[in-house]
Amino acid sequence: MDIERLISDRALSISASGIRRVFDLGAKLKDPINLSIGQPDFPVPDPLKSAAISAIQNNANGYTVTQGIAGLRTRIAAHLKADLGWQVDTRPSAEADPSAPGLLVASGTSGDLLLAFLALLNPGDEVIFADPYFVMYPHVARMVGAVPVMCDTYPDFRLTAERVAPLITSRTKLVLLNTPSNPAGVVASESECHRLLELCRSKGVLLVSDEIYDEFTYTDAREPGARGELGRRCPSPGRFQDAERNVLLVRGFGKTYGCTGWRLGYAAGPRRIIEEMSKLQQYTFVCAPAPLQWGVIPALDYDMSPHIDAYQKRRDLVVRTLSPHTHVAAPGGAFYAFPQVPERLGLTATQFVEKCVGRNVLVIPGNVFSARDTHFRLSYATDERSLLRGLEVLAELMQGG
Ligand code: PMP
């Protein structure tokens with residue numbers, strides 16, 4: 001049988017993730033210094049592990065309602081109230097206040113994003129996001145037949161209203177903000193969030209805010225927030241008056257609690273959209289993994305700040321070590337930096353990364369995340385000794401070593 005004939009144009013149009021290619025290169029190295037990893041290096045907190053284990057032992061292994069188990073939904077709703085002032089109504093749709101935001105627990109933040117795209121985008125509709133971008137965005141847009149519109153944000157990687165406004169057309173349905181960002185670690189300021197929200201409102205466009213790294217926002221990038229009584233937090237477009245009518249908030253548990261393999265994320269926002277996403281989840285993912293939904297109920301009461309503080313110190317080390325040699329846009333969050341390959345070297349990022357691999361260091365070339373190939377992504381979610389050794393090699397290579 002000609003299996004090749006059976007493969008869809010959709011699948012053929014997508015090449016394997018460039019991150020995978022770096023992993024493959026790394027697999028050939030003996031004990032590489034791996035600065036390419038997009039997940040935390042700390043273990044899942046014990047209360048989460050215990051809650052997941054108990055759920056399995058207590059037979060919570062079957063399907064759950066598609067929106068997620070009540071105990072988790074209630075806990076997330078309380079968190080969104082305390083954090084953003086949102087009044088999420090977790091009751092079933094028939095009973096819920098139609099003007100209150102809805103909430104859906106899905107299989108990872110990726111699951112929420114896919115469902116949002118499926119629920120909102122017709123073929124030919126446009127979705128705007130920053131270049132450089134999280135690798136999934138353009139592919140998922142194309143998978144649903146939509147058109148990814150990339151907004152060039154070099155050299156500071158800030159998705160501002162001024163940059164987005166000229167890209168909005170009558171086909172634009174979504175603007176997708178990712179803050180703190182992957183791959184640059186850049187955190188949008190409160191006023192940038194506000195201006196973007198106002199722009200989207202004025203154009204009738206939904207602002208999707210991918211805040212999977214929200215807890216990894218370092219002290220210098222935190223702001224008091226529009227509803228100042230909520231304290232210093234990760235800036236979010238969700239913090240402004242009535243934002244829940246225009247913002248689809250997407251957050252997750254994987255990065256914050258080191259449980260990326262548990263595949264748990266959630267989306268909150270306009271109830272109509274959440275309803276459509278839930279319907280689509282019913283016929284695709286069905287529900288997020290049941291025992292792991294139980295596992296993350298204690299998460300939002302668990303203090304991750306010692307880990308976040310440690311990551312902030314690593315961020316400082318990265319910026320301190322590389323800034324004398326190249327431009328590093330201030331990474332206020334996540335666990336990435338996106339330094340420029342010094343122009344004087346005359347190398348593309350791919351060529352520079354090959355040199356890094358030759359010195360046993362793995363980082364990811366910019367063209368995996370961007371139309372340009374001038375920068376590289378470095379993840380500091382790795383132990384400090386490896387990070388130090390890796391940074392020394394990068395600094396040497398940047399000096400032509
Ligand atoms: N958004 C961004 C910006 C990410 O970096 C990632 C993971 N790398 C995701 C979403 C997907 O996360 P999850 O594992 O929860 O699907």
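Cut-offs used in this document
Residues numbered from 1 in each chain as written. Predicted model: local features only at pLDDT ≥ 70, side-chain atom pairs only at ≥ 80, totals over all residues. Heavy atoms only, no water. Axes fitted to C-alpha atoms, helices over the stretch in contact; angles between N-to-C directions. Helix = DSSP H or I, 4+ residues; strand = E, 2+ residues; numbered from the N terminus. Parallel < 35°, antiparallel > 145°, perpendicular 65-115°, else oblique. Left-handed = near helix turned anticlockwise from the far one by under 90°. Contact = heavy atoms within 4.5 Å. Nonpolar A, V, L, I, M, F, W, Y, C, P; charged D, E, K, R; others polar. Core = buried A, V, L, I, M, F, W, Y, C linked by side-chain atoms within 4.5 Å. Buried < 20%, exposed > 50% of the residue type's maximum accessible area, 1.4 Å probe, protein only. Domains from an automatic or database assignment. Pairing = 2+ DSSP bridges. Near = heavy atom within 4 Å. Polar contact = N/O pair within 3.5 Å; in protein donor to acceptor, adjacent residues only side chain to side chain. Areas by Shrake-Rupley, 256 points an atom, 1.4 Å probe, with all protein chains shown as cover. Buried area = accessible area lost by both parts, 1.4 Å probe. Salt bridge = Lys/Arg side-chain N within 4 Å of Asp/Glu carboxyl O. Phe/Tyr/Trp six-rings, centres within 6.5 Å; stacked < 30°, edge-to-face > 60°. Expected span 1.5 Å × (residues − 1).

Q: I tried to follow the packing of helix α12 (residues 305-322) against helix α14 (residues 384-398) on my own but got confused; where do I start?
A: Helix packing geometry: the angle between the two helix axes and the distance between the axes. It is at 10 Å that the axes of α12 and α14 come closest, and there the two elements cross at 20 degrees. Judged by the angle between their axes, α12 and α14 are roughly parallel. For the element pair α12 and α14, the recorded crossing hand is right-handed. Facing α12, whose interface residues are Arg314, Leu317, Val318, Thr321 and Leu322, α14 presents Glu384, Leu387, Leu388, Leu391, Leu394, Ala395 and Met398. For the contact of α12 with α14, the per-class residue count stands at nine nonpolar, one polar and two charged.

Q: How should I be thinking about the nonpolar core in this particular structure?
A: Ranked by size, the top nonpolar core spans 96 residues in total, and within it Phe253, Leu378 and Leu394 carry the most contacts. Tallying contributions element by element places α14 first for this core, with six residues. A domain split of this core shows at least three residues from each of domain 1 (3-43 + 304-398) and domain 2 (48-301). Apart from the residues within four sequence positions on either side, leucine 394 is in contact with Leu35, Leu322, Phe352, Cys356, Val363, Phe376 and Leu378. One finds Phe117, Val144, Ala146 and Leu176 within the second-largest nonpolar core, a separate group that totals 27 residues.

Q: Just checking my understanding: could you explain the sheet that holds strand β5 (residues 172-178) for this structure?
A: Strands pair in a sheet through their backbones, by hydrogen bonds, and they do so in one of two ways: parallel or antiparallel. Strand order in the open sheet formed by seven strands is β2-β8-β7-β6-β5-β3-β4, with mixed pairing between adjacent strands. With one partner strand each, in any of the chains shown, β2 (102-107) and β4 (147-152) form the two edges of the open sheet. Going from strand to strand, the sheet's axes swing by 25 degrees on average, the running direction of each strand aside. Helix α7 (residues 136-143) contacts β3 (126-131), β4, β5 and β6 (206-210) of the sheet and is inclined by roughly 155 degrees relative to β4.

Q: Whenever I open this one, the site of the ligand confuses me. Can you help?
A: The environment of the ligand is made up of Gly108, Thr109, Ser110, Phe134, Tyr137, Asn178, Asn182, Asp210, Ile212, Tyr213, Lys255 and Arg263. The contact in question runs from an oxygen atom of the ligand to an N or O atom on the backbone of threonine 109, over 2.8 Å. For the ligand, an oxygen atom lies 2.8 Å from a polar atom in the side chain of asparagine 182. Considering the ligand on its own, with 390 Å² of exposed area, one finds that the protein chains cover 92% of that surface. Examining the composition of the shell around the ligand, we find that three residues originate from one element, helix α6 (residues 108-120), more than from any other. Of the residues belonging to the shell around the ligand, the class tally is four nonpolar, five polar and three charged.

Q: Would you explain the domain arrangement of the protein chain in this entry?
A: A common way to express how large an interface is: the accessible area buried when the components associate. Taken as a whole, the protein chain is organised into domain 1 (3-43 + 304-398) and domain 2 (48-301). The straight-line distance from the C-alpha centre of domain 1 to that of domain 2 is 25 Å. Across the contact, 33 residues belong to domain 1 and 34 residues belong to domain 2. Of the roughly 2,800 Å² buried between domain 1 and domain 2 on both sides combined, carbon and sulfur atoms contribute 60%. Contact with domain 2 buries surface across domain 1, with Ile308, Phe338 and Phe369 losing the most and accounting together for 18% of the total. Linking domain 1 with domain 2 are two salt bridges, by the criterion used here. The salt bridge partner of aspartate 152 is arginine 372, with a shortest N-O separation of 2.7 Å. Along the contact surface separating domain 1 from domain 2 lie 17 residue pairs in polar contact (both at pLDDT 80 or more). Put simply, the parts of the chain that give the side of domain 1 that touches domain 2 at least two residues each are α12 and β9 (336-337).

Q: Just to check I follow, could you spell out the packing of aromatic side chains for this structure?
A: Each aromatic ring pair is summarised here by two numbers: the centre-to-centre distance and the angle between the ring planes. Throughout the structure, instances matching the rule amount to 18 aromatic pairs. Both rings, one in tyrosine 213 and one in tyrosine 336, keep their centres 5.5 Å apart while their planes meet at 85 degrees; by these two values the pair is edge-to-face. Of this pair, tyrosine 213 sits in the loop between β6 and β7 (247-252) while tyrosine 336 sits in strand β9, and the two are 123 residues apart along the sequence. One exposure class covers both tyrosine 213 and tyrosine 336, and it is buried. Ring centres 5.7 Å apart and planes at 50 degrees place the aromatic pair phenylalanine 253 and tyrosine 266 in the tilted group. With phenylalanine 253 in the loop between β7 and β8 (264-269) and tyrosine 266 in strand β8, the pair connects residues that are 13 residues apart, well separated along the chain. Put simply, the rings of Phe42, Tyr213, Phe216, Tyr311, Phe335, Tyr336 and Tyr380 touch in pairs and so form one group of aromatic residues.

Q: Could you clarify how one ought to interpret helix α5 (residues 70-84) in this entry?
A: Between the first and last C-alpha of α5 there are 20 Å, a value that for 15 residues agrees with the 21 Å anticipated at 1.5 Å per step. By the burial criterion, the buried members of α5 are Leu72, Arg73, Arg75, Ile76, Ala77, His79, Leu80, Asp83 and Leu84. In this structure, the buried side of α5 is in contact with β2, β7, β8 and α11 (290-295). Remark: glycine 85 follows α5 within two positions and exhibits a positive phi of approximately 80 degrees.

Q: How should the sheet that holds strand β11 (residues 364-365) be read in this particular structure?
A: Strand order in the open sheet made by the three strands is β9-β12-β11, with antiparallel pairing throughout. Edge positions in the sheet fall to β9 and β11, since each of these pairs with one other strand and no more. Inspection of the sheet shows β11 paired to strand β12 (residues 376-379) by two bridges, in the antiparallel sense. By the bridge assignment for β12, isoleucine 364 is matched with arginine 377.

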